[in-house]
Structure formats: C-alpha cells, structure tokens
Amino acid sequence: MSARPDKQMTVRANVTRIIALVCLVGVSFVSLFNVMILKGEKYQSLASQQQLYDSFISAPRGDIYDCNMNLLATSATDWNVFITPNGLKGLKEEEAEKTRKTIATGLSEILSIEYDDVYEDTKENDYYVVIKKRIGKEAADKIRKFISDNSDLELTKYIGLDETTKRYYPNDSLASSVLGFVGDDNQGLAGIESYYDTTLTGVAGRVVAAKNAKGTDMPFTYEKVEEAKQGNSLVLTLDSYIQYACEKYLDNAVEQFGAVERGAAIAMDVNTGEIRGMAVAGDFNPNEPFTLSSADQAKVDAVTDPEEKKELRSELLSRQWRNKAVSDTYEPGSVFKIFTAATAVEEKLVNDNSTFTCNHRYVVAGNVYNCHENIGGHGIQTIMQAMGNSCNPAFIQIGQLIGVNLFSKYFRAFGLTGKTGIDLPGEAMPNYHKEENMGPVELASSSFGQTFNITPIQMITLS
C-alpha cells in the first residue's frame, strides 16, 4: 500500500515550485537586464563586429597638371587580392585541404609570390587576409578566370578583389624631382606629392555588409556603401615643354663637363617669379621610385657585405630623390657678381664711366686673389667690361666701394639670409657671413661669390 500525500504536503510542494519558478524568473530577469540594459552597447558592438563585414574603399588622389593643363600625375584603378580563410573551417578537412592547395597554387603563379606564404595564409583564423596589394587589370582578370575555372570549389567564397587606386605618372621621369612620388599606402613621400599630401589625399569610402560566422555573405542582402571622394587637384606653374628642355640640356651639360655631383637647372618667369622648369640631373622614374639607375645598381651589386649593400642602396636612393635645386647649397661663384654690380649701381657708387684696374692679382689684408683667366690682367675696365670678363679683382674693388654694411643690407633685402618658401619640402638654409663677422677678406671673397653657400632656387630669385 502507498500513502497518498495529504493536503498540507501538496500545498507545500506547490509553494516550493512557485518559489523556484520565481527565483528562476528573477535570475533570468537580472541576467537579461544586465545583458540588454547595463551592457547592451558592449554586446551590441560585439555582435555587429561578428555579423558585419567592414571594408574601406580607397580614395583616388587629386590629379596634378602643368600650367597648360597637361597631366603630370593621376590615379589609375588597381585591385588588392584578399582571401577569407575563416570560411574554410566549415568544410570537411579533405575538401578544405584541397581548396587551400588550389588557392595557394593559383595565386602564387598568377601573382609571382611564394606558394608556402599563400598556403600559410589560408590557415589563418581571420575573415580578411591581403595576399597582394595593387595588382593591375591583367592580373586581376587572370584571378577572375582562375576562380571561374574552379567553380566546383566555390572559390568566390574564399578569394576576393577590392578595388583600389595606384598613382601613375604618364610622362615617366619628367619633372620627377618636383613631383616626387607616393608610398604603398598612397601617401606622398617626396616633392609636390609630399608638400601637398593633405590637399591631394581624398576621403576613403566604406562598405558595410552582413556576414555569417564563417565570414562569408549572408543568404539575405545587407550592404551600405559610402562612396570615396577624390582629393583636390593641383595646377603647377611648370610648363612641360620648358621642363623637357631643361632636363635635356642639363643632361647634355652634365655629360659634357663631367659633373660629379649631378646638376640643377631652373627656368623662372622674371615677371612673376613663377617656376616654369626645374630639373635635376640623375633623376628617377616616379612610377618605380625604388629602382636605381643602372650605374648606381652596379655600385650596389659590387658590394658583398649585406649590411653595407643595404646602407649603400638606401644612400643612393635618397640621393636620386633629393631635389638639388632646393635642398643643396653651393658656392654660387661668378653668377653672384650680378648681385655686387646691382648693389653698386643702385647705391650710385658706380656708373657707366667708372673704371677698375685688373693686373691679374689683387691683395686684400695680405690675401692674394687672382683673376680667373691665366693672363696678365684685363687692364682698365668699365663695369660692363668687368662683367663681360667676369673679372674677380674688379668685383673685389666694387665690393670695397659697397662696404660691409651695405653689402649685408642688400644680402638681406634680396632674401639670401633665409629660405625662399617655395612649395617644396626640404628647402635648405643658406650659410653666409653675418655682418658682425664680416671683415675685409670675407667681403672680398663674397663680392665674387665665394666663401658662402646658397641654394640654386635662392640664386635664381636673386637674378
């Protein structure tokens, strides 16, 4: 026989059930309140990160034109190749391995990269792994065909192409020292590209799309696109024809006279100060800025020590990128005599009738200065004749007429004590005799352009 529970036991059991239910509901409520209210934003953010695929659309840089609207720099369409290795986790091991090997074989052959590197990338626990940046249309089309030829493996789920941009210079090395170049992330690294990087850089776009736990697209569609905005374009004062002429004849002169430290040429509109041409011998192709000239590469190849080789390569690259016209100082020499003459004429210290005697040698404070020509001297000369003969003794005499105070005053007035402020990076400061440190000897040598250093851009602004 079994005893039936009395009424009191039944009530007690029901009360116990109700209390347990209330406790369970209470705990659930507290947990839900904690998840949905107190930590709602945190979990919502985590869910969004897991469920949404967020990628950037590269913004094209602004174009660069010469003064006649000839294109000097622009942005062309390229593609970044990426894979989604996390998506392979849902496959059976045998099928996943076959897909990994197929992806590694195809991409390594098309992109000329190591098979092992691609294969290891396919094992990553990630939704997005970039295999190679900025490939051209030909390579992108080969990848599309490769995906199509292996449709049985559904490679569209694991290989993708993101459209991006690549900087392109249609005239190769023309004005490369002025234009500069960009880096892998499209940031300006030299020249105009660096100086106006903020202006030329566009605003990146964005694509937000739904994805599942494997990192592949959801069966339903959710996508939000923010289009990229191109950067602002620039119109330079350069004239492509004048620039070409500067480069051509500068190269000829460097070769003819055997200039060791390259050379620079600048063409300026004297009415406005606008630079129409600026050339540096030994320039480079900004489409391939990290490629050395054949002569420089031969120097690198001749070095056997790996560290020395690396150091030399870096040094030679920096040299070929350096804009000598604004970043290097030099003794201007005889071209500076125009400054001394202009100062003396402006102050009415000399005129057409003034004469100066050259006996080949001239002595100042015990220092002997010779005329540059190996002759007995130019004899008596007017200022025009002295200029034509580029006579050092005559200009020392003109400098003495000017004196330290006036010479220094005009040196400042011509802007030779500081930078010109040209819109290019890396402009060098001059190195000159300050007025308080200038004596008769410094004045004598400075009068014909020696013992101080300025940049080529400073010299041409003086002229």
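Residues numbered from 1 in each chain as written. Predicted model: local features only at pLDDT ≥ 70, side-chain atom pairs only at ≥ 80, totals over all residues. Heavy atoms only, no water.

## Quick look at the overall build of the protein
For clarity, the threshold we go by: The way it works is that DSSP assigns letters per residue, a run of H or I at least four long becomes a helix, a run of E at least two long becomes a strand, and they are numbered from the N terminus. Remark: exposure states derive from per-residue accessible area (1.4 Å probe, protein chains only) relative to the maximum for the residue type, with buried under 20%, exposed over 50%, and partly exposed in between. Contacts were defined at the residue level, with two residues in contact if any of their heavy atoms lie within 4.5 Å. Only the protein chains shown count as cover for residues, and all accessible areas are computed by the Shrake-Rupley method using a 1.4 Å probe.
Secondary structure assignment for the protein yields 17 helices and 14 strands. Burial statistics for the protein: of 463 residues in total, 40% are counted as buried. Residue pairs in contact within the protein that sit at least 24 positions apart in sequence constitute 71% of those at least 6 positions apart. Working note: accessible area of the protein is about 26400 Å², and carbon and sulfur atoms make up 52% of it.

## Here we look at the pattern of salt bridges
To keep it simple, the criterion reads: Every case where a carboxyl oxygen of Asp or Glu lies within 4 Å of a side-chain nitrogen of Lys or Arg is listed as a salt bridge.
Scanning the entire structure with this criterion turns up 17 salt bridges. Glu154 is the salt-bridge partner of Lys157, the closest N and O atoms lying 3.5 Å from each other. Glu154 gets classed as partly exposed once you look at its relative accessible area, which sits at 41%. For the salt bridge of Asp328 with Arg322, the shortest nitrogen-to-oxygen distance reads 2.3 Å. Taking relative accessible area as the criterion, Asp328 reaches 18% and is therefore assigned buried. Each member of the salt-bridge network shares a partner with another, and the members are Arg61, Arg167, Glu193 and Asp197.

## What to know about the side chain of Asp197
Heads up, the rule is: The term polar contact refers here to a pair of N or O atoms within 3.5 Å; inside protein, the definition further demands a hydrogen-donor-capable atom paired with an acceptor-capable atom, and it admits residues adjacent in sequence only when both atoms are side-chain atoms.
Here Asp197 is to be found in helix α8 (residues 197-200). There is a polar contact of 2.8 Å between the side chain of Asp197 and the side chain of Arg61. Excluding residues within four positions of it along the chain, Asp197 makes contact with Arg61, Asn186, Gln187, Gly188 and Ile192.

## Observations concerning the side chain of His378
Position of His378 among the secondary structure elements: in the loop between β13 (367-370) and β14 (379-382). Beyond its immediate chain neighbours, meaning those up to four positions away, His378 contacts Cys358, Cys371, Glu373, Asn389 and Cys391.

## Overview of the environment of Lys123
With respect to the helices and strands, Lys123 occurs in the loop between α4 (115-121) and β4 (129-135). Along the chain, Lys123 and Arg100 lie 23 residues apart, while their C-alpha atoms are 8.0 Å from each other. Here Lys123 is in contact with Pro85 and Arg100, once residues within four sequence places are set aside.

## What to know about the state of the cysteines
Selection rule: Cysteine sulfur atoms that pair up within 2.5 Å are treated as a disulfide.
Considering all chains together, one arrives at zero disulfides under this definition. Here Cys358 is not disulfide-linked; the sulfur of Cys391 is the nearest cysteine sulfur, at 3.5 Å. Relative accessible area serves as the criterion here: at 1%, Cys358 is assigned to the buried category.

## Side note on the environment of Gly282
When you line up the elements, Gly282 lands in the loop between β10 (275-280) and α10 (294-301). Along the chain, Gly282 and Gln320 lie 38 residues apart, while their C-alpha atoms are 6.4 Å from each other.

## Re the packing of aromatic side chains
Two descriptors summarise a pair of aromatic rings, namely the distance from one centre to the other and the angle between the planes of the rings. In plain terms, the rule: Pairing of aromatic side chains requires ring centres within 6.5 Å, counting the rings of Phe and Tyr and the six-membered ring of Trp. Pairs whose planes differ by under 30 degrees are stacked, by over 60 edge-to-face, and all others tilted. We call a charge positioned above a ring when the Lys NZ or Arg CZ atom is no farther than 6 Å from the ring centre and deviates by at most 35 degrees from the ring normal.
Using the criterion set out here, one finds 18 aromatic pairs in the structure. A centroid spacing of 6.1 Å and a plane angle of 10° characterise the contact between Tyr115 and Tyr119, whose relative ring orientation is stacked. You can see Tyr115 and its partner Tyr119 sitting in helix α4, four residues apart, about one turn around the helix. Relative accessible area serves as the criterion here: at 29%, Tyr115 is assigned to the partly exposed category. Ring plane angle 55° and centroid distance 6.5 Å describe the contact between Phe336 and Phe407, whose orientation is recorded as tilted. Residue Phe336 is located in the loop between α12 (324-327) and α13 (337-346), and its partner Phe407 is located in helix α15 (residues 392-413); the two are separated by 71 residues in the primary sequence. Taking relative accessible area as the criterion, Phe407 reaches 1% and is therefore assigned buried. Three or more aromatic residues joined by ring pairs make a cluster, and in this case those are Phe336, Phe339, Phe407, Phe411, Phe414, Tyr432 and Phe452. Above the ring of Trp79, the side-chain terminus of Arg144 is found at 5.2 Å from the ring centroid.

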